[in-house]
Amino acid sequence: TTGGASGAFGGPGGGPGISVGEASTRTKRAAAIIVGAALGGAIVGAAVEWLGRWSLAALVGLTIDAGGGIEGLVIGAAAGAGYALATSQSRLRTAALMAACCGLGAFALTISGRPLVGGTLHTIARQAQGSQISLTPLARLLGEPEFGPVTRTLLGTGEGAIFGLGLGLGLTRRTSSRTSHETVTAH
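Quick notes on the rules
Residues numbered from 1 in each chain as written. Predicted model: local features only at pLDDT ≥ 70, side-chain atom pairs only at ≥ 80, totals over all residues. Heavy atoms only, no water. Helix = DSSP H or I, 4+ residues; strand = E, 2+ residues; numbered from the N terminus. Buried < 20%, exposed > 50% of the residue type's maximum accessible area, 1.4 Å probe, protein only. Areas by Shrake-Rupley, 256 points an atom, 1.4 Å probe, with all protein chains shown as cover. Salt bridge = Lys/Arg side-chain N within 4 Å of Asp/Glu carboxyl O. Axes fitted to C-alpha atoms, helices over the stretch in contact; angles between N-to-C directions. Parallel < 35°, antiparallel > 145°, perpendicular 65-115°, else oblique. Left-handed = near helix turned anticlockwise from the far one by under 90°. Contact = heavy atoms within 4.5 Å. Nonpolar A, V, L, I, M, F, W, Y, C, P; charged D, E, K, R; others polar. Core = buried A, V, L, I, M, F, W, Y, C linked by side-chain atoms within 4.5 Å. Expected span 1.5 Å × (residues − 1). Phe/Tyr/Trp six-rings, centres within 6.5 Å; stacked < 30°, edge-to-face > 60°.

Student: Explain the overall build of the chain residue by residue, including any values.
Tutor: Secondary structure assignment for the chain yields 7 helices and 0 strands. Tracing the chain from N to C terminus, the helices and strands come up as α-α-α-α-α-α-α. Counting every position in the chain, which comprises 187 residues, the buried fraction comes to 38%. Within the structure as shown, the chain displays about 10400 Å² of accessible surface, and the carbon and sulfur contribution to it stands at 66%.

Laid out in structure tokens, this is it:
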């Protein structure tokens, strides 16, 4: 649910960024889409990072290293790149390409040590007294004794790919619905 909530907050950054980038220029469309998505992702990511850190400190006295602005920038740019590359593709191909690009962006973030949702959740669980949340069983399933780099990377890459898939399906829904409606009304 935390990943879904993060995606729900991240989508309103990347989606409008892609739309503004796409509508703002015709000559450098791909660059405008990538920059718009990266900016939207960075703004929403920084806001969520600040709100999350403030909430944890105020409510339970935890100070953690949480991701946000940089992660939003990278994953937003990846989403924009996937969307720009998928020009004139089907809805599913666009979503798949966005998923692949966002997964690669998340992979790069996790191998560089940047925390995504799963890593942040694990950090909160380790620092919170009496927490019942633990990602250690997942780590053991993946062959690590504790939540480590393999688990963090696989989980983060999956988070990015699922975010890209959802954003891609959401962005192309309007287009495919309008095209279907125009086809139906034209006949």
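Now that the structure is up, let's keep going.
Student: Which residues make up the pattern of salt bridges, and what are the values?
Tutor: A side chain of one charge can pair with a side chain of the opposite charge when the charged atoms of the two come close. For the structure shown, the criterion picks out 3 salt bridges. Two residues, Glu 71 and Arg 114, come together in a salt bridge whose shortest N-O distance is 2.7 Å. With Glu 71 in helix α3 (residues 69-85) and Arg 114 in the loop between α4 (91-111) and α5 (117-127), the pair connects residues that are 43 residues apart, well separated along the chain. Judged by its relative accessible area of 5%, Glu 71 falls in the buried class. Between Arg 140 and Glu 146 there is a salt bridge; the shortest N-O distance is 3.8 Å.

Student: Account for the packing of α3 against α4, with residues named and values stated.
Tutor: If you want to describe how two helices pack, look at the angle between their axes and the distance between the axes. The contact between α3 and α4 brings their axes to 8 Å, and the two run at 150 degrees. Comparing their axes, α4 and α3 come out roughly antiparallel. In this structure, α3 crosses over α4, and the sense of that crossing is right-handed. Contacts between α3 and α4 involve Ile 70, Glu 71, Val 74, Ile 75, Ala 78, Ala 79, Ala 81, Gly 82, Tyr 83 and Leu 85 on the former and, on the latter, Thr 94, Leu 97, Met 98, Cys 101, Cys 102, Gly 105, Ala 106 and Leu 109. Considering only residue class, the contact of α3 with α4 consists of 14 nonpolar, 3 polar and 1 charged.

Student: Residues and numbers for the nonpolar core, please.
Tutor: If you look at the biggest cluster of nonpolar residues, it comprises 17 residues, and the most contacted ones within it are Ile 18, Ile 75, Tyr 83, Met 98, Cys 102, Leu 167 and Leu 171. If near-sequence neighbours (up to four positions away) are discounted, Met 98 is found in contact with Ile 18, Ala 79, Gly 82, Tyr 83, Gly 164, Leu 167, Gly 168 and Leu 171.

Student: Please provide a residue-by-residue account of α3, values included.
Tutor: An α-helical segment advances 3.6 residues per turn. Residues three or four places apart therefore align on the same side. The end-to-end C-alpha separation of α3 is 24 Å, in line with the 24 Å expected for 17 residues at 1.5 Å each. Across the 17 residues of α3, 12 count as buried, placing the element largely inside the fold. Regarding α3, the residues found buried are Gly 69, Glu 71, Gly 72, Ile 75, Gly 76, Ala 78, Ala 79, Gly 80, Ala 81, Gly 82, Tyr 83 and Ala 84.

Student: Any chance you could break down the packing of aromatic side chains for me, citing the residues and the numbers?
Tutor: According to the stated counting rule, one finds 1 aromatic pair in the structure shown. With a centroid separation of 6.2 Å and an interplanar angle of 15 degrees, the aromatic rings of Trp 50 and Trp 54 are classed as stacked. Linking Trp 50 with Trp 54, this pair stays in helix α2 (residues 29-60), spanning 4 residues, or about one helical turn. In this structure Trp 54 comes out as exposed when scored by relative accessible area, which is 51%.

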